[in-house]
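Listed below, chain by chain, are the residues.
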Amino acid sequence: MRVRNAPDQEVAAALAAREEAALAELYDRYGGLAYSLALRILGDTGRAEDVVQESFLKLWNGAARFDASRGSLRAWLTTAVRNRSIDLLRGRSLHERRELALKPEVIASSPGPEEEAAGSMEREAVLAALGTLPDEQREAVTLAYFGGFTQAEVAELAGVPLSTIKGRMRLALEKLGAYLRDRGLVDV
Amino acid sequence: MSEQDEMDDPILAALALSVDPVAPPPALRERILGAAREGAEVVPLRRQPVRPGRLRLPLSAVAAIIVVALGAGFLVGQTIGHGTPPASTQSTHFSLQGHGPLSTVSASAVDIKSEGVAIVTFSGLPELPPGKVYEVWLITPSNRADAAGVFVPGAGGDATFAVRKSLAGYSLMAVTIEAGPSGVSAPTQQPQIYGTVT
């Protein structure tokens with residue numbers, strides 16, 4: 001089966017048939033994203049490599065059960081990478097997890113020209129969507145996604161009631177959703 | 001598949017696309033394909049996280065282990081004449097990674113706590129523009145950046161740098177490109193090389 005540029009369902013079928021070319025194709029499409037995500041969450045290149053390897057092999061071994069109607073291969077992969085990375089983070093202190101999740105806004109908030117040029121259109125859209133959020137909402141969703149913090153933990157870190165964090169999260173997701181849906185970017 | 005059941009909120013999951021793109025090591029692709037070829041079902045991680053509290057022993061057993069360990073430590077200390085703690089408590093290791101245009105950069109650091117010195121070994125550093133230096137910063141949890149010195153890499157993009165101060169109280173080590181020869185007192189750009197101090 002030819003898998004180069006094939007849709008997800010065909011790549012998944014080739015994976016289920018144990019075609020190594022399908023795994024190679026999947027890696028070429030999403031290996032960089034998977035590694036970048038794991039590294040963003042963990043801040044450690046060795047662990048990031050391990051997480052990416054484990055996630056690709058989970059997909060390799062579970063491809064027969066892939067259902068394209070429930071999400072893309074990319075979404076499945078990033079979810080696997082994110083969840084495994086968060087598992088590993090849980091061995092670290094809350095302080096370190098917070099620092100990793102929010103790193104490293106030490107000086108400026110706007111990306112440099114090289115970064116803007118290097119980013120994909122999707123990435124720019126998500127960054128732009130995040131940029132529309134007030135700081136406290138952006139921090140809440142960043143801690144939840146990249147730090148794996150529960151809403152109760154985010155509330156504790158921010159020193160505000162849980163109901164406040166629930167409100168911030170809801171508003172943030174509504175705004176992000178509206179922005180991304182307008183650009184056809186809901187399913188990662 | 002079960003993993004699809006675990007998918008995050010699709011809006012929240014879109015944040016995955018916001019990450020700074022970093023190229024994985026070229027060897028990772030072959031490593032994954034090789035593991036698939038060999039029929040690996042579960043890939044053991046090379047480095048397992050420390051999970052406090054996973055080992056659950058009765059208090060009496062813990063007490064016995066402590067007594068035996070202290071006794072053994074005392075005897076060893078008496079025998080070899082050292083009262084220093086184990087090496088693992090004297091030094092820690094962490095890594096730094098480049099991002100964006102500096103994604104080729106990686107570094108490993110050894111914090112020798114007993115000496116108040118950290119040695120950082122960089123590789124893949126791009127050549128600097130004329131008059132510029134790499135400047136190392138130590139960043140506190142409140143985002144204060146303290147200068148830790150400057151360096152210029154060798155022709156191959158490698159450098160070894162000694163941070164001659166304790167890393168206690170710092171959460172990040174970062175590097176920026178600044179004006180030489182002595183650097184600046186506060187970073188003038190967003191760091192694109194950084195790592196968590198452990």
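Structure's up top.
Quick summary incoming for the structure in this document. (Residues numbered from 1 in each chain as written. Chains lettered and ligands numbered in written order. Predicted model: local features only at pLDDT ≥ 70, side-chain atom pairs only at ≥ 80, totals over all residues. Heavy atoms only, no water.)

Observations concerning the interface of chain B and chain A
If you look at the interface, chain B gives 59 residues, while chain A gives 77 residues. Summing both sides of the interface, chain B and chain A together bury roughly 6500 Å²; the carbon and sulfur share of this comes to 62%. A salt bridge links D28 of chain A to R29 of chain B; the shortest N-O distance between them is 2.7 Å. The tally of links between chain B and chain A comes to 9 residue pairs in polar contact (both at pLDDT 80 or more). Broken down by secondary-structure element, the contributors of at least two residues to the side of chain B that touches chain A are helix 1 (2–5), helix 2 (10–13), helix 3 (26–37), strand 1 (91–98) and strand 8 (193–196) of chain B. Tallying contributions element by element places helix 3 of chain B first for the side of chain B that touches chain A, with 8 residues. Tallied by class, the residues present in the side of chain B that touches chain A amount to 34 nonpolar, 12 polar and 13 charged. (Contact = heavy atoms within 4.5 Å. Buried area = accessible area lost by both parts, 1.4 Å probe. Salt bridge = Lys/Arg side-chain N within 4 Å of Asp/Glu carboxyl O. Polar contact = N/O pair within 3.5 Å; in protein donor to acceptor, adjacent residues only side chain to side chain. Helix = DSSP H or I, 4+ residues; strand = E, 2+ residues; numbered from the N terminus. Nonpolar A, V, L, I, M, F, W, Y, C, P; charged D, E, K, R; others polar.)

Here's the deal with the pattern of salt bridges
Applying the stated criterion across every chain, the model contains 20 salt bridges over all chains. Its salt-bridge partner being E49 of chain A, residue R31 of chain B comes within 3.1 Å of it at the nearest N-O pair. Of this pair, R31 of chain B sits in helix 3 while E49 of chain A sits in helix 3 (residues 45–62), on two different chains. Sharing partners across several salt bridges, the network here consists of R4, D8, E25, D28 and R29 of chain A together with R29 of chain B.

What to know about the environment of D111 of chain B
All names here are of chain B. Structurally, D111 is set in strand 2 (residues 106–112). With sequence-adjacent residues up to four places away left out, D111 is seen in contact with Q90, S91, T92, F94, V117, A118, L167 and T198. A polar side-chain atom of D111 sits 2.9 Å from a polar atom in the side chain of K113.

A closer look at the packing of aromatic side chains
Scanning the entire structure with this criterion turns up 5 aromatic pairs over all chains. Ring geometry for Y145 of chain A against F146 of chain A: centres 5.0 Å apart, planes inclined by 85°, an arrangement best described as edge-to-face. For the pair Y145 of chain A and F146 of chain A, one class covers both residues: buried. Ring plane angle 20° and centroid distance 5.5 Å describe the contact between Y134 of chain B and F151 of chain B, whose orientation is recorded as stacked. Of this pair, Y134 of chain B sits in strand 4 (residues 132–139) while F151 of chain B is found in strand 5 (residues 145–151), placing the two residues 17 residues apart along the sequence. No difference in accessibility class separates Y134 of chain B from F151 of chain B, as the two residues are buried. An aromatic cluster is present here, built from F122, Y134, F151 and F161 of chain B joined pairwise through their rings. The ring of F146 of chain A carries R40 of chain A above its face, with NZ or CZ at 4.2 Å from the centroid. Taking NZ or CZ as reference, R97 of chain A lies 4.3 Å from the ring centre of F149 of chain A, over its face. (Phe/Tyr/Trp six-rings, centres within 6.5 Å; stacked < 30°, edge-to-face > 60°. Buried < 20%, exposed > 50% of the residue type's maximum accessible area, 1.4 Å probe, protein only. Lys NZ or Arg CZ within 6 Å of the ring centre and 35° of its normal.)

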